[in-house]
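Residues per chain are reported as follows:
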Amino acid sequence: MKVTVNSGGVVFFALFNKSEKDDSDAREGAAVIKILSSRMATERLGYELAKWLGVRVPQARVIHSSSSEWLQIKEAAEKARCAVTLVGDEVGEMTCSELLEALELSRCLFLMKLAPGLSFVLLSAVIHRENMVLFSK
């Protein structure tokens, strides 16, 4: 999923299943890739300030285009684009293509790992159940 933010940047949300080898209880994961044109220092400062003030913030770091991790993100986006193309997911294909284009045009990105929480599957069941209760009243 891609969202344009008011700071002039673009945010990509990656939702994925964790591998069977992962020891954590969570079966799903999420990451946020934020690509900003010129405000990376401001974004990082805001993150550090919030963290220092005790605000719960996700684990985050800046990744530069010269790093091996950048290449891994790019390769993962290319693989994801191939996978969604094979199943005919046009929105997924467009999102992956836009991420790859943003990676080509940028020198760094802000990667955030979301804090583990309730499983997306369980959460959707809870929301559905709560909606059923609301509609039955």
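See above for the structure.
Residues numbered from 1 in each chain as written. Predicted model: local features only at pLDDT ≥ 70, side-chain atom pairs only at ≥ 80, totals over all residues. Heavy atoms only, no water.

Participant: Would you take a moment to explain the pattern of salt bridges for this structure?
Facilitator: Inspection of every chain in the model, using the stated rule, returns three salt bridges. With a closest N to O distance of 2.4 Å, Glu104 and Lys74 form a salt bridge. In this pair, Glu104 sits in helix H3 (residues 90-105) while Lys74 sits in helix H2 (residues 68-86), placing the two residues 30 residues apart along the sequence. (Salt bridge = Lys/Arg side-chain N within 4 Å of Asp/Glu carboxyl O. Helix = DSSP H or I, 4+ residues; strand = E, 2+ residues; numbered from the N terminus.)

Participant: What's the story with the nonpolar core in this structure? I'm lost.
Facilitator: The tendency in soluble globular proteins is for nonpolar side chains to be buried as a group. Ranked by size, the top nonpolar core spans 14 residues in total, and within it Ile33, Ile35, Leu99, Leu103 and Leu109 carry the most contacts. It is H3 that contributes the most residues to this core, four residues altogether. Among all residues touching Leu109, those that are not within four sequence positions of it are Ile33, Lys34, Ile35, Met40, Arg61, Val62, Ile63, Trp70, Ile73 and Leu103. Grouped together as the second largest cluster of nonpolar side chains are eight residues, Tyr47, Ala60, Phe110 and Met112 included. (Core = buried A, V, L, I, M, F, W, Y, C linked by side-chain atoms within 4.5 Å. Buried < 20%, exposed > 50% of the residue type's maximum accessible area, 1.4 Å probe, protein only. Contact = heavy atoms within 4.5 Å.)

Participant: Which parts of the structure should I look at to understand a nonpolar patch on the surface?
Facilitator: On the surface, Leu49, Trp52, Leu53 and Val55 cluster together into a nonpolar patch covering about 490 Å² of accessible area. By secondary structure assignment, the location of Leu49 is in helix H1 (residues 40-52). Leu49 sits in the partly exposed class, given a relative accessible area of 46%. (Patch = residues over 30% accessible without salt bridge, like charges linked within 9 Å, V, L, I, M, F, W, Y side chains within 5 Å. Areas by Shrake-Rupley, 256 points an atom, 1.4 Å probe, with all protein chains shown as cover.)

Participant: Help me understand the packing of H2 against H3, please; the structure alone is not making it clear to me.
Facilitator: Describing two packed helices takes the angle between their axes plus the distance from one axis to the other. Taken N-terminus to C-terminus, the directions of H2 and H3 make an angle of 155°; their axes are 8 Å apart at the nearest point. Taken together, the axes of H2 and H3 lie roughly antiparallel to each other. Once H2 is placed against H3, the crossing between them reads as left-handed. Here Trp70, Ile73, Lys74, Ala77, Glu78, Ala80, Arg81, Val84 and Thr85 of H2 lie close against H3, whose contacting residues are Gly92, Glu93, Cys96, Ser97, Leu99, Leu100, Leu103 and Glu104. By residue class, the composition of the contact of H2 with H3 is nine nonpolar, three polar and five charged. (Axes fitted to C-alpha atoms, helices over the stretch in contact; angles between N-to-C directions. Parallel < 35°, antiparallel > 145°, perpendicular 65-115°, else oblique. Left-handed = near helix turned anticlockwise from the far one by under 90°. Nonpolar A, V, L, I, M, F, W, Y, C, P; charged D, E, K, R; others polar.)

Participant: Would you take a moment to explain the side chain of Ser106 for this structure?
Facilitator: Positionally, Ser106 belongs in the loop between H3 and strand E5 (108-113). A distance of 2.7 Å separates the side chain of Ser106 from the backbone oxygen of Ala102, its partner in a polar contact. The contacts of Ser106, once residues within four sequence positions are left out, are Ile35, Ser65 and Trp70. (Polar contact = N/O pair within 3.5 Å; in protein donor to acceptor, adjacent residues only side chain to side chain.)

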